[in-house]
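The residues making up each chain are set out below.
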Amino acid sequence: MLCLTTPGEVFADSAYRGNHFGDAVRAKGGTPRIVATGMWGRDEAEILARLDAWNQPIHRIRGRIEKIFGTWKRS
């Protein structure tokens, strides 16, 4: 069993966008870093820029992790 006392940043895909996941991570002292897939607004260019700015650091970390899982799955 894995027990983390201080989870730090918890990276997840958009399936975990709900409040339930974020609240659970914050309750344990962590910071949820969840990919955003869409935002509604009036200026589409501004919205896309905000999405890119939010997702860029998340994609950088998740890309490294997902590569390991993909290699493991192919083995």
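Residues numbered from 1 in each chain as written. Predicted model: local features only at pLDDT ≥ 70, side-chain atom pairs only at ≥ 80, totals over all residues. Heavy atoms only, no water.

## Considering the overall build of the protein chain
Turning to step 1, where the next piece is worked out: In terms of regular secondary structure, the protein chain is built from two helices and two strands.
Turning to step 2, where the next piece is worked out: Listed N to C, the secondary structure of the protein chain is β-α-β-α in terms of helices and strands.
Turning to step 3, where the next piece is worked out: For the protein chain, buried positions account for 17% of its 75 residues.
Turning to step 4, where the next piece is worked out: Across the protein chain, the fraction of contacts at a sequence separation of at least 24, relative to all contacts at a separation of at least 6, is 21%.
Turning to step 5, where the next piece is worked out: Approximately 6,400 Å² of the protein chain is accessible, and the part contributed by carbon and sulfur atoms is 56%. (Helix = DSSP H or I, 4+ residues; strand = E, 2+ residues; numbered from the N terminus. Buried < 20%, exposed > 50% of the residue type's maximum accessible area, 1.4 Å probe, protein only. Contact = heavy atoms within 4.5 Å. Areas by Shrake-Rupley, 256 points an atom, 1.4 Å probe, with all protein chains shown as cover.)

## Quick notes on the pairing of strand 1 (residues 9-12)
Turning to step 1, where the next piece is worked out: One ladder, built from four bridges, connects strand 1 with strand 2 (residues 31-34); its direction is parallel. Within strand 2, the residue paired with Glu9 across the bridge is Thr31. (Pairing = 2+ DSSP bridges.)

## Quick notes on the packing of aromatic side chains
Two numbers describe a pair of aromatic rings. These are the distance of the centres and the angle of the planes.
Turning to step 1, where the next piece is worked out: Inspection of the entire model under this criterion finds two aromatic pairs.
Turning to step 2, where the next piece is worked out: With a centroid separation of 5.0 Å and an interplanar angle of 45°, the aromatic rings of Tyr16 and Phe21 are classed as tilted.
Turning to step 3, where the next piece is worked out: Assessed through its relative accessible area of 43%, Tyr16 is described here as partly exposed.
Turning to step 4, where the next piece is worked out: Look at Phe21 and you get partly exposed, because its relative accessible area is 22%.
Turning to step 5, where the next piece is worked out: For the ring pair Phe69 and Trp72, a centre distance of 6.4 Å and an interplane angle of 50° mean the geometry is tilted. One end of the pair, Phe69, and the other, Trp72, are both in helix 2 (residues 44-74), three residues apart, so they sit about a helical turn from each other.
Turning to step 6, where the next piece is worked out: A relative accessible area of 64% places Trp72 in the exposed class. (Phe/Tyr/Trp six-rings, centres within 6.5 Å; stacked < 30°, edge-to-face > 60°.)

Read these as geometric descriptors, not functional statements.
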